[in-house]
Amino acid sequence: MKTGLQRQEENIKFLRSVPLLQNLPTDKLAKIADVLEVDFYHEGDFIIREGAVGDTFFIINKGEVQVTQKIAGFDDPKEIRRLDRGQYFGEKALLSEDRRTANVIALAPGVECLTVDRESFNSLIGDLNELKEKDY
Ligand code: 6FW
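Just so you know, the residues in each chain are numbered from 1, in the order the chain's sequence is written. Residue-level local features of this predicted model are given only where pLDDT is at least 70; pairs of side-chain atoms are given and counted only at 80 or more, and the full residue set underlies all totals for whole chains, interfaces and linings. With hydrogens and water set aside, each side-chain value is computed from the structure's full complement of heavy atoms.

Some details on the overall build of the chain
Secondary structure elements follow DSSP: runs of H or I of four or more residues count as helices, runs of E of two or more count as strands, with numbering from the N terminus. Secondary structure summary: the chain contains five helices and eight strands in total. Reading the secondary structure of the chain in the N-to-C direction produces α-α-β-β-β-β-β-β-α-β-β-α-α. At 15 Å, the chain has a C-alpha radius of gyration in line with the 14 Å of a compact globule built from 136 residues. With the C-alpha coordinates aligned to their principal axes, the bounding extent of the chain is approximately 50 × 35 × 20 Å. Under the scheme applied here, a residue whose accessible area is under 20% of the maximum for its type counts as buried, over 50% as exposed, and between as partly exposed, the area being computed with a 1.4 Å probe on protein chains only. Relative to its 136 residues, the chain shows a buried fraction of 40%. Partitioning the intrachain contacts of the chain with sequence separation of at least 6 by distance along the chain shows that 75% fall at a separation of at least 24. Here, Shrake-Rupley sampling with a 1.4 Å probe gives the accessible areas, and only protein chains in the shown set may cover a residue. As presented, the chain carries roughly 8,300 Å² of accessible surface, and 47% of it is formed by carbon and sulfur atoms. We treat Lys and Arg as the positive residues and Asp and Glu as the negative residues; His and chain ends play no part in the count. Charge placement uses NZ in Lys and CZ in Arg. For Asp and Glu, CG and CD serve respectively. Averaging the coordinates of the 19 positive side-chain charges in the chain and doing the same for the 25 negative ones gives two points 2 Å apart. For the radius of gyration, the atom set is restricted to C-alpha positions; the globular benchmark scales as 2.2 Å times the number of residues to the power 0.38. Contacts are residue-level and defined by heavy atoms, with any inter-residue pair within 4.5 Å sufficient.

Below is the structure:
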């Protein structure tokens, strides 16, 4: 059996390996590890739906996701990117207080994400320069 403390230590270790969070001091990583939740998705699940209201930031802990976006004049959204362990998504709607700008779909055999809500994102992550300067 794994204790809550072991889980917390594992989460801090993983957070330290995420490029976006690499320069954060341990006390901030510990705060993120305290507030994050773990979500599991099956293949084909829409983790994020383009156009929806959203209040969550995601970091991939296991598996791979597909990012797709609606193209004017086409019925089917087009794949724009794939992301895997250590990469993040969902920051855009939080930074701009706007709707989701793309779909994010779980690929086989499933996906585990660490999630942070808007309030914790604002106080712990949203100020990072990498996020503000990002230009896809
Ligand atoms: C893209 N155009 C848009 C991605 C994540 C991090 C980095 C690429 Cl450093 P949201 C939908 C999310 C959005 C982004 C993500 O999809 N995303 C894109 C694009 O070319 N969104 N508009 N590429 S994946 C990605 C690089 O995180 O945030 O809250 O939800 O709008």
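Here we look at the environment of Phe-121
With respect to the helices and strands, the residue Phe-121 is situated in helix α4 (residues 118–124). In this structure Phe-121 comes out as buried when scored by relative accessible area, which is 0%. Considered as a pair, Phe-121 and Ile-32 are 89 residues apart in the sequence and their alpha carbons are 8.7 Å apart. Sequence-distant contacts of Phe-121, defined by excluding residues within four places in its chain, comprise Phe-57, Glu-91, Leu-94, Leu-95, Val-116, Gly-126 and Leu-131.

Thoughts on the packing of helix α1 (residues 4–17) against helix α2 (residues 26–35)
Direction vectors running N to C along α1 and α2 enclose 120°, while the axes themselves pass 9 Å from each other. It follows from the interaxial angle that α1 and α2 lie oblique. Like other packed secondary-structure pairs, α1 and α2 cross with a definite hand, here right-handed. Mapping the contact onto sequence places Gln-8, Asn-11, Ile-12, Leu-15 and Arg-16 in α1 and Thr-26, Leu-29, Ala-30, Ile-32, Ala-33 and Asp-34 in α2. Polar here means any residue outside two lists: the nonpolar Ala, Val, Leu, Ile, Met, Phe, Trp, Tyr, Cys and Pro, and the charged Asp, Glu, Lys and Arg; Gly therefore counts as polar. Split into classes, the residues belonging to the contact of α1 with α2 amount to six nonpolar, three polar and two charged. An axis is simply a line fitted to the C-alpha atoms; with a helix, the fit covers only the stretch in contact. Between two such axes, the angle follows the N-to-C directions and lies from 0 to 180 degrees. For classification purposes, angles smaller than 35 degrees are called roughly parallel, those larger than 145 roughly antiparallel, those between 65 and 115 roughly perpendicular, and all remaining angles oblique. Here is the rule for handedness: rotate from the far helix to the near one, and if that takes an anticlockwise turn smaller than a right angle the crossing is left-handed, while a clockwise turn gives right-handed.

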